[in-house]
Structure formats: C-alpha cells, structure tokens
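# Observations on the model geometry
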Amino acid sequence: MIRLYDFHLSGNAHKVRNLLSVLGVEHERVNVDLLAGEQRAPEFLTLNPFGKVPVLVDGDVVLRDSSAIAVYLGRKFGRGEWLPVDAEGEARVQEWLAICTGEVANAPGFARLITVFGAEGDLEEAQQKSHALLERFEEHLSEQPFLAGERPTIADITNYSYIALAPDGGVELGAYPAIRGWLERLEKLPGFEPAPQQPA
Ligand SMILES: N[C@@H](CCC(=O)N[C@@H](CS)C(=O)NCC(=O)O)C(=O)O
C-alpha cells in the first residue's frame, strides 16, 4: 500500500494528504514528529537525506517533494483530469506548481514558518511579498475559476495549502474575494481535507 510520511502541521505534507484524499487513493500515514526532530533520525534520512516531509513510498518508488509527489499521483490516479495530458495543459499546471514551490513557499509559507515554527526571518518583508503575490492570484482568479483553467488540477490542491494558511502568518485574505471564492470551491470537492490548525 502507498505510504505517506507526514506531519500534521506541515503545509507541504497537507498538499499530499489532501490530494490522496481527493483522488480517493488508499494509503497509510506515518507520523514524523518534526517538533521532536524525528526528520533527522537515521532511518528517516535513508528515505529522504534532506530530512523533510512529505515522503511518499509506492513499492520501489520513493518520492520526497510535494510537487513531484503531486505529479506522480496526478498522472497515476488523476484519469487525465488532475494533470492534463496535452502539452499546453500540462505546462499550465507546471507553471503553477513552480509558483507554489517558489513564490508561495517564500512569502506566505515563510511568514507562517516564522510565526508558527519560530524560524528566523523578516516577517514584515514576508508579509509584504505575500500581499504582492496574492494580488497576482486575485487578478488571475478573477478571470478563471481554477489556476490552470476551467477545472481543478493538482496545481490548485498544492497551492491551496499555504494560501489558506496565510492568516497564520499574519497575511489576511479579506481583501481578496476571488481567492476566497477559489478556496471555497476547492473545499467543496469530495474528499477535501481541511488545512492544519495551528497549535493553541
Ligand atoms: N520542497 C519540499 C519542502 C519540504 C519541506 O520544507 N518540509 C518541511 C515541513 S513543511 C520539513 O519537513 N521541515 C523539516 C526541517 O526542515 O527540519 C516539498 O515541497 O515537499
């Protein structure tokens, strides 16, 4: 059975948990307690020498990056819908996966890393960058219902996590009605798993 190495507060792990659930893929989850440092345990480092979750194991296939895992799951279980097979369709999805691991991780994702996990960094700068990025998302989602077109793809599921969690990093979404509409459309998908709550 597919196994996901997971941590409940990780936004990157949430992307994969959520996608597995939306695609209806049977799997088991192994908790890697990041707060206790379990990602640095020798047995976990043999799976991912970078010491990070998520990691997905499917038989002999071991994947250790949320976007790579999303491509794998989208292609294997997405019936050609969650990761289109035509050249432009797939490239549009890849564009938004790149935004997800670049700009989204570095702005709202980083702001949350500072506020929730105590990472060192300039919170105000991360919040400013987040709003500049959210304006781009707002413009785009005012013109189409999902990031890569008329229907949801793996790019929506992956981008969802750190945008829905942006308020944890002090980046409020009140000024972005098109983004909030997009989040709500995604949350209505069968099997959708809510984003992780921050600890009390
Ligand atoms: N590029 C990776 C990044 C994964 C990542 O940063 N994971 C974080 C949790 S969200 C982690 O495991 N951090 C543990 C650490 O750095 O010690 C992905 O998209 O999966």
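The shown structure was predicted, so the numbers you read here are calculated from the model rather than taken from an experiment.

### As for the overall build of the chain
In terms of helices and strands, the chain carries eight helices and four strands. Computed over its C-alpha atoms, the radius of gyration of the chain comes to 16 Å, within 12% of the 16 Å expected for a compact globule of 200 residues. Counting the 200 residues in the chain, one finds 39% classified as buried. Pairs at least 24 residues apart make up 68% of the contacts formed inside the chain by residues separated by at least 6 positions.

### Some details on the sheet that holds strand E2 (residues 27-31)
Taking strand neighbours across the sheet as the criterion, the four strands line up as E2-E1-E3-E4 in an open arrangement whose pairing is mixed. Only two strands of the sheet have a single neighbouring strand rather than two, namely E2 and strand E4 (61-63). Averaged over neighbouring strand pairs, the angle between their axes works out to 15 degrees when direction is ignored. Two elements, strand E1 (residues 2-6) and strand E3 (residues 55-58), share three bridges in a ladder whose sense is antiparallel.

### Structural notes on the pairing of E1
As paired strands, E1 and E2 are joined by five bridges and run parallel to one another. Looking at E2, one finds that Tyr5 is bridged to Val30.

### Focus on the site of the ligand
Neighbouring residues of the ligand: 13 residues in total, closest Ser10, Asn12, Lys52, Val53 and Ser66. For the shell around the ligand, the secondary-structure elements that each account for two or more residues are helix H1 (11-23) and helix H3 (66-77). Of the residues that constitute the shell around the ligand, the class distribution is three nonpolar, eight polar and two charged.

### What to know about the domain arrangement of the chain
Splitting the chain by domain gives domain 1 (2-77) and domain 2 (87-187). When each unit is reduced to the centre of its C-alpha atoms, the spacing between domain 1 and domain 2 is 21 Å. Residue-level contacts link eleven residues of domain 1 with ten residues of domain 2. The set of elements that each furnish at least two residues to the side of domain 1 that touches domain 2 consists of H1 and H3. A per-element tally of the side of domain 1 that touches domain 2 places H1 first, with six residues. Within the side of domain 1 that touches domain 2, the residues separate by chemical class into four nonpolar, six polar and one charged.

Rules and cut-offs
Residues numbered from 1 in each chain as written. Predicted model: local features only at pLDDT ≥ 70, side-chain atom pairs only at ≥ 80, totals over all residues. Helix = DSSP H or I, 4+ residues; strand = E, 2+ residues; numbered from the N terminus. Rg over C-alpha atoms; globule rule 2.2 N^0.38 Å. Buried ≥ 20, exposed ≤ 12 C-beta atoms within 10 Å, placed from the backbone. Contact = placed C-beta atoms within 7 Å. Pairing = 2+ DSSP bridges. Axes fitted to C-alpha atoms, helices over the stretch in contact; angles between N-to-C directions. Near = placed C-beta within 6 Å. Nonpolar A, V, L, I, M, F, W, Y, C, P; charged D, E, K, R; others polar. Domains from an automatic or database assignment.

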